[in-house]
Amino acid sequence: MSQNDALFERAQKTIPGGVNSPVRAFRQVGGTPRFVTRAQGPYFWDADNKQYIDLIMSWGPMIVGHAHPEVVEAVKKAAETSFSYGAPTEGEIELAERICQLMPSIEQVRMVSSGTEAAMSALRLARGYTGRDLIIKFEGCYHGHADSLLVKAGSGLLTFADSTQNAPSSGGVPQDLVKHTLVLPYNDVAAFEEVFKKQGDQIAAVILEPIAGNMNLIQPSGEFLSVIRNLTSKYGSVLIYDEVMTGFRVALGGAQSLQGVIPDLTCLGKVMGGGMPMAAFGGKKEIMSKLAPLGNVYQAGTLSGNPVAVAAGLKTLEIVSREGFYECLGEQTQKLMQGLKQAANKVNLPFAVDSVGGMFGFYFADQVPTSYEAVTKTNIEAFKKFFHLMLDEGVYLAPSAYEAGFTSIAHTNEVIDAIISAAEKSFQKLK
Ligand SMILES: *Cc1c(COP(=O)(O)O)cnc(C)c1O
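These figures come from a predicted structure and were not determined experimentally.

What counts, and where the lines are drawn
Residues numbered from 1 in each chain as written. Predicted model: local features only at pLDDT ≥ 70, side-chain atom pairs only at ≥ 80, totals over all residues. Heavy atoms only, no water. Helix = DSSP H or I, 4+ residues; strand = E, 2+ residues; numbered from the N terminus. Expected span 1.5 Å × (residues − 1). Contact = heavy atoms within 4.5 Å. UniProt positions renumbered as here; feature names shortened; annotations may be inferred. Buried < 20%, exposed > 50% of the residue type's maximum accessible area, 1.4 Å probe, protein only. Pairing = 2+ DSSP bridges. Axes fitted to C-alpha atoms, helices over the stretch in contact; angles between N-to-C directions. Phe/Tyr/Trp six-rings, centres within 6.5 Å; stacked < 30°, edge-to-face > 60°. Polar contact = N/O pair within 3.5 Å; in protein donor to acceptor, adjacent residues only side chain to side chain. 1 Å grid on protein atoms, 1.4 Å probe; cavity = no way out; pocket = protein on both sides within 12 Å on 5 of 7 lines; lining within 4 Å. Points joined across faces, edges and corners; volume = space filled by probe spheres on them. Nonpolar A, V, L, I, M, F, W, Y, C, P; charged D, E, K, R; others polar. Near = heavy atom within 4 Å. Areas by Shrake-Rupley, 256 points an atom, 1.4 Å probe, with all protein chains shown as cover.

### Considerations on helix α3 (residues 90-102)
In an α-helix, one turn spans 3.6 residues, which is why side chains three or four residues apart end up on the same side.
Then, in step 1: In this model, α3 (13 residues) spans 19 Å end to end at C-alpha, consistent with the 18 Å of a helix rising 1.5 Å per residue.
Then, in step 2: Considering only its buried residues, α3 is in contact with β4 (108-112), β9 (265-268) and α11 (307-320).

Structure follows, in structure tokens:
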């Protein structure tokens, strides 16, 4: 028995499913999850001491590579002065200032500990600000696991749920709660216009991933984004961009800096904590000032703005701000995608690719999908086989066809070439 098998067996006795977050359990692809013992740069090692090239990077945060020496140093220094005070620190101001500077749509920002909290709190704020209840989300987008957002949600919910029309995608969520959540297809301009014409003046907020990464990678059309911006402005609804995944990953200024549409509120997480539990939401001062202690919308957290997490976040943001970071990251990621596509073409497999900055998607399909429905029609069986073939070759992909992939600045030419040659072998076998 391998060490991974032994650990998985042991884990399942005291942890439901053996994991602390569902998609880690390999349920879509089958097999035993790898238990990680250490990681460095683009690599991690499992309990059997096998080395993998990591293409998840903790689902996005580790954009400067695992255990980057400068981040490790910053964390060590912060830890020596205790881990948490429950009182404000100057580091929080520095991080807030940095975020506002990098994302000009954010005038004020509140720090929390997870993306779930960021999206949940942003929605509460939008409801408090507008005095309305209804929210719109899009099919296949994931905004964390707050109750009212677990309707046709992406990520692990796509992997696990038996999502029947209009029902919550999770048990334990009252129908009464999800009735305030309208779910529309991503990139469907007509459906969005129709809902706004009927009840635009009742809609508190529209929340979306401006580049969707929880149903594989799906990009929005320019028209889709501009119609959303125009109608939310016209009807006084709050436009919330959930950039927990895309913020500081697709570009220094997030997806909003690439697309030119300015949201009212933005949710951040993942990269901004550099791998520590850290997230945030922010935006227009007029809206943010409704938050407690200034306003009547309550939001709080014992560990919010945690000084060790702030240190990791600040250092990570400093590194990604250096000259040429995203150009290099984007080029490497594109090179990887082109290499995978060429390898698949050699054996005549239908295969399409997309990437933005350090985030990528590949699809066993003739073309890049533009909606959740289109992703479900890609060849999931081929993906499952490819996943295991790559794993054997020492390349760790997301264990679900409904997830985007992530690179880091540590994925150098040499690493990219190694992934492509693993893919060539895997595609040969798959054929
Ligand atoms: C990961 C993610 C979240 C949830 O963040 P957690 O830190 O896992 O709670 C929310 N929204 C998006 C777009 C995400 O990718």
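### Description of the UniProt feature "modified residue: N6-(pyridoxal phosphate)lysine" (unreviewed entry) in the chain
Then, in step 1: UniProt's feature table lists "modified residue: N6-(pyridoxal phosphate)lysine" (unreviewed entry) at K270, given in the numbering used throughout.
Then, in step 2: Among the structural elements, K270 can be located in the loop between β9 and β10 (279-283).
Then, in step 3: A residue is classified by how much of its surface remains accessible, and K270, at 24% relative accessible area, is partly exposed.
Then, in step 4: Residues in contact with K270, not counting those within four places in the same chain, are W59, P61, V244, M245, G275 and M278.

### Details of the sheet that holds β4
Then, in step 1: Spatial strand order, β4-β10-β9-β8-β7-β5-β6: 7 strands in an open sheet with mixed pairing. Each edge of the open sheet carries a strand with a single partner, namely β4 and β6 (181-184). Across this sheet, the average inter-strand angle for adjacent strands is 20°, counted without regard to direction.
Then, in step 2: Packed onto the sheet, α3 meets β4 and β9 and runs at close to 125° relative to β4.

### Here we look at the packing of aromatic side chains
Then, in step 1: In the structure shown here, the tally under the stated rule is 26 aromatic pairs.
Then, in step 2: Summarising the aromatic geometry, the rings of F138 and F224 are spaced 5.1 Å apart at their centres and angled 75° between planes, so their arrangement reads as edge-to-face. Within this pair, whereas F138 is found in strand β5 (residues 134-138), its partner F224 is found in helix α8 (residues 222-235), the two being separated by 86 residues in sequence.
Then, in step 3: Looking at F224, the relative accessible area reads 1%, which means it is buried.

### Some remarks on helix α14 (residues 380-392)
Then, in step 1: A rise of 1.5 Å per residue sets the reference length of α14, with its 13 residues, at 18 Å; its end C-alpha atoms lie 19 Å apart and thus fit the reference within 8%.
Then, in step 2: Taken together, the buried positions of α14 are occupied by I380, A382, F383, F386, F387, L389, M390 and L391.
Then, in step 3: N-cap assignment for α14: the residue whose side-chain oxygen lies 3.3 Å from the backbone N of E381 is N379.
Then, in step 4: With its phi angle positive at about 90°, G394 sits one or two positions after the end of α14.

### Topic: empty space enclosed by the protein
Then, in step 1: Taken as a whole, this structure holds 1 cavity of 30 Å³ or more when the rule is applied.
Then, in step 2: Quantified by volume, the largest cavity comes out at close to 130 Å³.
Then, in step 3: As for the largest cavity, its lining consists of 16 residues, of which N216, F362, F383, A401 and E403 are closest to the centre.
Then, in step 4: Looking at the lining of the largest cavity residue by residue, the classes come out as 9 nonpolar, 6 polar and 1 charged.

### Side note on the sheet that holds strand β12 (residues 359-363)
Then, in step 1: The strand order across the open sheet formed by 3 strands is β11-β12-β14, and the pairing between neighbours is antiparallel. Edge positions in the open sheet fall to β11 (352-356) and β14 (405-406), since each of these has one partner strand only.
Then, in step 2: Bridge analysis of β11 against β12 gives 5 bridges, and the strand direction is antiparallel. By the bridge assignment, S355 is partnered in β12 with F360.
Then, in step 3: Along the sheet, helix α12 (residues 325-346) makes contact with β11 and β12, crossing β11 at roughly 180°.

### Some remarks on the side chain of T130
Then, in step 1: With respect to the helices and strands, the residue T130 is situated in helix α4 (residues 115-130).
Then, in step 2: From its side chain, T130 meets the backbone oxygen of A126 in a polar contact 2.8 Å long.
Then, in step 3: Here R132 takes part through its backbone nitrogen, which lies 3.2 Å from a polar atom of the side chain of T130.
Then, in step 4: If sequence neighbours within four positions are ignored, T130 has contacts with A204, G236 and V238.

### Examining the site of the ligand
Then, in step 1: In the region of the ligand, the neighbouring residues are S114, G115, T116, Y142, H143, G144, E209, N214, D242, V244, M245 and K270.
Then, in step 2: At 2.7 Å from an oxygen atom of the ligand is found a side-chain nitrogen or oxygen belonging to T116.
Then, in step 3: Coverage of the ligand by the protein amounts to 82% of the 380 Å² it exposes when considered alone.
Then, in step 4: Taken together, the residues of the shell around the ligand break down into 3 nonpolar, 6 polar and 3 charged.

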